[in-house]
Amino acid sequence: MRILIISLVFSLLAGCAQNPVTGKSDFVMMSEEQEIAIGRQYNEQAIKKQYQVYGSKALQDYVDRVGQKLAKHSHRPNLQYRFSVLDTPEINAFALPGGYVYITRGIMAYLNSEAELAAVLGHEIGHVTARHPVRQQSAAQAANLGLAVASIFVPQIGSNLGQNLVNIMGGALLSGYGREHELEADRLGAQYLARSDYDPQAIIRVLRVLKNQEMKDAELAKQEGREPRRYSGLFSTHPDNDTRLKEVVGEADKLASAKTFEGRAEFLAATEGLVFGDNSDQGVVRNNHFRHGELGIALKFPETWLVHNLPNALIAVSPQGAARLQMKMDHKPSGSPVEYARRLAGYGAEIRSLEVNGLSAALFDLPNSIGGVVYANKQAFILQGQGKTRQDLAAHRNEIIDTVYSFHALTAEERKLVRPLSIRAISARRGDTYAGLAKNSPLGKSAESYLRLINAQYPDGEPQVGQSVKIVE
Ligand SMILES: [Zn+2]
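Residues numbered from 1 in each chain as written. Predicted model: local features only at pLDDT ≥ 70, side-chain atom pairs only at ≥ 80, totals over all residues. Heavy atoms only, no water.

Visitor: Help me out: how do you make sense of the packing of helix α5 (residues 114–129) against helix α9 (residues 179–195) in this one?
Guide: The angle between the axes and the distance between the axes are what describe a pair of packed helices. Across the interface, α5 lies against α9 with an axial gap of 7 Å and an inter-helix angle of 125°. Classed by the angle they form, the pair α5 and α9 counts as oblique. In this structure, α5 meets α9 at a crossing whose hand is right-handed. Along its contact with α5, which presents Ala115, Ala118, Ala119, Gly122, His123, Ile125, Gly126, His127 and Thr129, the element α9 presents His181, Glu182, Ala185, Asp186, Leu188, Gly189, Tyr192 and Leu193. Split into classes, the residues belonging to the contact of α5 with α9 amount to eight nonpolar, seven polar and two charged. (Axes fitted to C-alpha atoms, helices over the stretch in contact; angles between N-to-C directions. Helix = DSSP H or I, 4+ residues; strand = E, 2+ residues; numbered from the N terminus. Parallel < 35°, antiparallel > 145°, perpendicular 65-115°, else oblique. Left-handed = near helix turned anticlockwise from the far one by under 90°. Contact = heavy atoms within 4.5 Å. Nonpolar A, V, L, I, M, F, W, Y, C, P; charged D, E, K, R; others polar.)

The structure is reproduced here in structure tokens:
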């Protein structure tokens, strides 16, 4: 342990290394071996704990093939790159030091060709070759150099160093690497695309789709009173108005071959059946019905509300966000539903015992909180409604109570509906419109917007006859 720490500190003090992209000396205090070791450590300790790898071997292989082709044409062709598709609806892609590159199935739903997939991977490879994750860390390490040196004498602090690195990395992954590094990754990615016979402009197309997605999500978030989901690599401006982005990508056009490969059909074939939205292990929401196979329960939220099935919470929000209803679960409830509700709501609350579709339950009423407790399969499900103001809550009282009353054990018929949504490409027929395709879509209220977004025809544009259009079913 001590030897390891000492050698780490020595190499920290060894100072500058040559940057693989610029060839110039860089303030990077880390050898390539250390870089790979940190990537591996972060992959094991953070990524694998937070995410699952997407289950399709065919898709993993396809992404790896495209990634390896780009990596071969990068500034660090000898590094061993590992490309993984993560099983999450989050829209993201990121890279760790040493060649670990991740892309989520969430972002893949919004891509429309192999060139666009290559654009995302090329950008991330650009972060790796320019050593952005390491440069980011080096600055932080430099600030912590005192701590690192001190650790020779206090091994315990030394063992925290690894943890600190993980924390620093986490910050960079969430927030991106800052404008300059992002532009550099785009510039490098564009070069790798050109050298691999893809059109460098695919980067702009991808950023346009993601920016539209982000803006639509911000609009929905406002209606729903939640934080918008942000793609970490994006900047504040729209790529169409971003002259510097156009410049750095445009430089690579000179390197591009006359005949570039778009690979739309190849990409659509590889992503046929891709899971979209929730995976069924956290239950599924369809037209405001929530159903959970493993828990064996179902309920229906008010029609106009927006339901968020988050990994650790189920939340429904009224239009304009005046009221919200959250469902929680207790694996080991004690006492009857009435006793449970009494403990939860306190003695000031009005509590009613009742039966909901054959399940024992209780309702509670307080000026600032209304809801119910339902027992099913030895577990307690707690529905708790709250309002921005007491008036807001009172105005939504009936809808909250109705939701509690809709709670029931999952029927055999419903069990069939608990499956994830997936993407399929169809050939557009005469008269097909996004509004038409959105009818009967399991995506519900925002179906037309989502279909336009995943087909890169947002906010307007309609399918042409014979065009391959992605639908969700
Ligand atoms: Zn980036």
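And the narrative resumes.
Visitor: Looking at this structure, how should I read the pattern of salt bridges?
Guide: If charged atoms from side chains of opposite charge come close, those side chains can pair. For the structure shown, the criterion picks out 22 salt bridges. Here Lys57 makes a salt bridge to Asp61, at a shortest N to O gap of 2.8 Å. Placement of both Lys57 and Asp61 in helix α3 (residues 57–72) is noted, with a separation of four residues, approximately one turn of the helix. Using a relative accessible area of 59% as the deciding quantity, one classes Lys57 as exposed. (Salt bridge = Lys/Arg side-chain N within 4 Å of Asp/Glu carboxyl O. Buried < 20%, exposed > 50% of the residue type's maximum accessible area, 1.4 Å probe, protein only.)

Visitor: Looking at this structure, I do not really get the coordination of the zinc ion. What am I missing?
Guide: Angles between donor atoms at a metal ideally measure 109.5 degrees for a four-coordinate tetrahedral arrangement and either 90 or 180 degrees for a six-coordinate octahedral one. Of the protein atoms, only His123 (NE2), His127 (NE2) and Glu182 (OE) coordinate the zinc ion, at distances of 2.1 Å. All donors to the zinc ion come from one chain, and their sequence spacing reads H-x3-H-x54-E. Linking His123 in helix α5 with Glu182 in helix α9, this pair joins segments that are 59 residues apart in sequence. Using a relative accessible area of 8% as the deciding quantity, one classes His123 as buried. (Donors = N, O, S within 2.8 Å, 3.2 Å for Na, K, Ca; no water.)

Visitor: Would you mind going over the sheet that holds strand β4 (residues 93–96) with me for this structure?
Guide: Strand pairing in a sheet is mediated by backbone hydrogen bonds. Such pairs are either parallel or antiparallel. Reading across the sheet, the three strands line up as β3-β5-β4 and stay open at both edges, with mixed pairing between neighbours. In this open sheet, the two strands that pair with only one neighbour each are β3 (82–86) and β4. When the angles between neighbouring strand axes are averaged without regard to direction, this sheet yields 20°. Note that β4 and strand β5 (residues 100–104) share four bridges and pair antiparallel. In the strand pairing of β5, Ala95 is matched with Val101. Strands in contact with α3 are β3 and β5; relative to β3, the strand with the most contacts, it is inclined by about 140°. (Pairing = 2+ DSSP bridges.)

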